[in-house]
Amino acid sequence: MTSVVVENELDVRGLGCALWRGKRWIIGLALLFALLAWLASLVMKQSWSSTAVTDRPTVNMLGAFFVQQQFLNNLDIRNQTVSLSTPAPTVMDEVYQEFTMQLASWDTRRDFWQQTDYFKSRKSGNAHNDAALLDDLIINIQYTPADAAHNTQDNIKLVAETASDANNLLRQYIAYASERAARHLNDELKGAWQARSVQLQAQVNRQQAVAQAVFDRQRQRIEQALKVASEQGIRENRAPANGEALQDSDRFLLGQSMLQAQLDTLQASGPAYDLSYDQNRAMLGTLQAGPQLDKQFQTYRYLRTPEEPVTRDSPRRLFMMVMWGIIGALVGAGVALVRRPRAALATSH
């Protein structure tokens, strides 16, 4: 019987022998590629990242700002300018919301980098290159908002070329965002304080106008009744003694003596105001004194304080050496397999 020749049969034994004979190429190229990867990692730009986790501040961190903002909130509730059906956010929530807004803001990150020595020392003087560098630095600050579904808090990460720079710059950036948020909150408090003062002044003026109108009307009625009683010569009280209140048209029956006494008493007492007017006047005096702004209050608290990282993000030297060592070994195996037929051909000749 004629034997069947299988053309595509894999000669595993021959392949293994060929790789074993070319082991010097495999090992040599693996070590060479690993060495080149190690040398490349020495000249590559390093990246170190520091991470911080923040949460809402406590009451004592806000200082005088909490007291004054809560005073305005209570004033709105008293004047019924806010809805009581939906719970209003607390002062701590409002402050922290402003802080996280500044923390994630592109403008805040840009302004922060522009005033740091880290950016100034790396500027080349070329406008295009400096703008590209600034964009890269802005991207190196990454804010991740809290996610209640995954039980995560607000996270902020900063990438720099050294571990100490990553730690220090992240602390500086968080403090910078907090100071910026505090400045905006103080401006908002100042504006809200002034607006409440204007509103309350208008309300007091309306109450004064109403009380003065009522006073003038009462005085006019008494003076008119006194004039009629004088014309008719009624000096003593002639009103019926049934205890019923007199109409304005019959008031002259009280006589000149009683009407004059009522007029003197009315003019001595002046316009009558209710309790809300006195409360508004006292509140207006407090508002007109102006807010006492505190520029140093802290708008956050740490759940994870930034520290110097102990591991580098990139380049990952060991990973690069292993990866390129494997690539070198594969290249060496290819070289060994390519040289195999040449060696066999030389042996046959």
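Residues numbered from 1 in each chain as written. Predicted model: local features only at pLDDT ≥ 70, side-chain atom pairs only at ≥ 80, totals over all residues. Heavy atoms only, no water.

- The name given to the protein in an unreviewed UniProt entry is ECA polysaccharide chain length modulation protein, with the source organism recorded as Candidatus Pantoea soli.
- Listed in UniProt under the heading Sequence similarities (unreviewed entry), the comment for the protein reads: "Belongs to the WzzB/Cld/Rol family."
- The Pathway (unreviewed entry) comment attached to the protein in UniProt states, word for word, "Bacterial outer membrane biogenesis; enterobacterial common antigen biosynthesis." (UniProt positions renumbered as here; feature names shortened; annotations may be inferred.)

**Focus on the nonpolar core**
One broad rule of soluble globular proteins: the nonpolar side chains tend to lie buried together.
For step 1, the next point in the chain: Of all hydrophobic cores here, the largest spans 26 residues; its most connected members are Phe-99, Trp-113, Ile-156 and Ile-174.
For step 2, the next point in the chain: By residue number, the principal contributor to this core is helix α9 (residues 163–231), which donates eight residues.
For step 3, the next point in the chain: The contacts of Trp-113, once residues within four sequence positions are left out, are Tyr-118, Phe-119, Leu-134, Leu-137, Ile-138, Ile-141, Leu-158 and Leu-169.
For step 4, the next point in the chain: Counting 19 residues, the second-largest nonpolar core is a separate cluster that includes Leu-62, Met-92, Val-204 and Tyr-277. (Core = buried A, V, L, I, M, F, W, Y, C linked by side-chain atoms within 4.5 Å. Buried < 20%, exposed > 50% of the residue type's maximum accessible area, 1.4 Å probe, protein only. Helix = DSSP H or I, 4+ residues; strand = E, 2+ residues; numbered from the N terminus. Contact = heavy atoms within 4.5 Å.)

**Notes on a nonpolar patch on the surface**
For step 1, the next point in the chain: Together, Leu-32, Leu-35, Leu-36, Trp-38 and Leu-39 make up an exposed nonpolar region whose accessible area comes to about 430 Å².
For step 2, the next point in the chain: Mapped onto the secondary structure, Leu-35 falls in helix α2 (residues 23–43).
For step 3, the next point in the chain: With relative accessibility at 43%, the residue Leu-35 sits in the partly exposed group. (Patch = residues over 30% accessible without salt bridge, like charges linked within 9 Å, V, L, I, M, F, W, Y side chains within 5 Å. Areas by Shrake-Rupley, 256 points an atom, 1.4 Å probe, with all protein chains shown as cover. Salt bridge = Lys/Arg side-chain N within 4 Å of Asp/Glu carboxyl O.)

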